[in-house]
Amino acid sequence: APSCKRCSPTSAESLLFPLNFSLTLRMKLVEKLFTAQAKAKGGRDGHVTTDNQVLDLTLSTPKEMGGPGKPGATNPEQLFAAGYAACFEGALGVAARQAGVKLQDVTVEAFIGFGKMEDSGYGIAADLHVNIPGVEQAQAEQLVEAAHGICPYSRATRGNIDVTLTTTTNAA
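Okay, so let's go over this structure. As the structure is a computational prediction, the values presented were derived from the model and not from experiment.

## A short note on the packing of aromatic side chains
In this description, a pair of aromatic rings is defined by centroid distance and the angle of the planes. For the structure on display, the rule yields five aromatic pairs. Ring geometry for Phe80 and Tyr84: centres 5.8 Å apart, planes at 75°, overall edge-to-face. With Phe80 and Tyr84 both in helix H2 (residues 76–99) and four residues apart, this pair spans about one turn of that helix. Judged by its relative accessible area of 25%, Phe80 falls in the partly exposed class. Accessibility expressed as a relative area gives 0% for Tyr84, which makes it buried. Ring geometry for Phe80 versus Tyr153: centroids 5.5 Å apart, planes at 55°, classification tilted. Within this pair, whereas Phe80 is found in helix H2, its partner Tyr153 is found in helix H4 (residues 152–157), the two being separated by 73 residues in sequence. The partly exposed category is assigned to Tyr153, whose relative accessible area is 29%. Among the aromatic residues, those joined into a ring-pair cluster are Phe80, Tyr84, Phe88 and Tyr153. Sitting above the plane of the Phe114 ring, Arg44 keeps its charged end 5.0 Å from the centroid.

Below, the structure written as structure tokens:
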């Protein structure tokens, strides 16, 4: 159940959506601190570059999706996975600092699946495998949940795609 009056459905909304209703508020960016810029040409079998030329990559549709799967090329899902993993680890650092926990040798692996949706369109799903050595399992899971609330990628995907979190505490 929503924890604040602003998030609670009105009586009219309860009549229209009586079962499992939850109201999601869209937050607006109030102060833009940075803008990343990338340009794509040629779609999934094209090329992407960033404005600073640090990324200059050839794209190729994977063979599993009916494409050529060119060696040495990447795809949008790999780029999304890299960004999500890095962002999530950063959010995990914030969560750990807030909890007074020192982290060491953390790894985040993001697996982005691509496939057909129930409506016959295409979509993605994310599986994040987070390993936090040197921390008790329960505390690691709490930190991962907190990071999931902080991470801009998690916030952007919430309610839009399935995201599965797996937390381990294996030594590096």
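From this point, the discussion proceeds with the structure in view.
## Details of the sheet that holds strand E5 (residues 122–131)
Read from one edge to the other, the open sheet built from three strands follows the order E4-E5-E6, with strand pairing classed as mixed. Strands at the two margins of the open sheet, each flanked by one partner only, are strand E4 (107–116) and strand E6 (163–168). Averaged over all pairs of adjacent strands, the angle between strand axes in this sheet comes to 15°, irrespective of strand direction. Pairing between E4 and E5: ten bridges, direction antiparallel. Following the sheet pairing, Gly113 is matched in E5 by Ala125. H2 rests against E4, E5 and E6 of the sheet, and its axis sits at about 140° to E4. Running at roughly 150° to E6, helix H3 (residues 137–150) makes contact with E5 and E6 of the sheet.

## Details of H3
Each α-helix winds once per 3.6 residues, and so residues spaced three or four apart point in a common direction. Over its 14 residues, H3 runs 20 Å from end to end, which matches the ideal 20 Å to within 8%, given 1.5 Å per residue. Within H3 the residues assigned to the buried category are Ala140, Leu143, Val144, Ala147 and His148. Projected down its long axis, H3 shows its buried positions confined to an angular sector of 140°, all on one face. Of the exposed residues in H3, the ones pointing more than 90 degrees away from its buried face are Ala138, Gln142 and Glu145.

## Quick word on the pairing of strand E1 (residues 38–41)
A regular strand carries its side chains on alternate faces of the sheet. Relative to strand E2 (residues 47–50), E1 runs antiparallel, the two being bridged by four bridges. If you follow Lys41 over to E2, its bridge partner there is His47.

## A short note on the sheet that holds E1
Backbone hydrogen bonds hold the strands of a sheet together, and the pairing may be parallel or antiparallel. Strands sit in the order E1-E2-E3 across an open sheet of three strands; the sheet is antiparallel. Unpaired on one side and paired on the other, E1 and strand E3 (56–58) mark the two borders of the sheet. With direction set aside, neighbouring strand axes in the sheet form an average angle of 15°.

Conventions adopted
Residues numbered from 1 in each chain as written. Predicted model: local features only at pLDDT ≥ 70, side-chain atom pairs only at ≥ 80, totals over all residues. Heavy atoms only, no water. Phe/Tyr/Trp six-rings, centres within 6.5 Å; stacked < 30°, edge-to-face > 60°. Helix = DSSP H or I, 4+ residues; strand = E, 2+ residues; numbered from the N terminus. Buried < 20%, exposed > 50% of the residue type's maximum accessible area, 1.4 Å probe, protein only. Lys NZ or Arg CZ within 6 Å of the ring centre and 35° of its normal. Pairing = 2+ DSSP bridges. Axes fitted to C-alpha atoms, helices over the stretch in contact; angles between N-to-C directions. Contact = heavy atoms within 4.5 Å. Expected span 1.5 Å × (residues − 1). Arc of directions from axis to C-beta.

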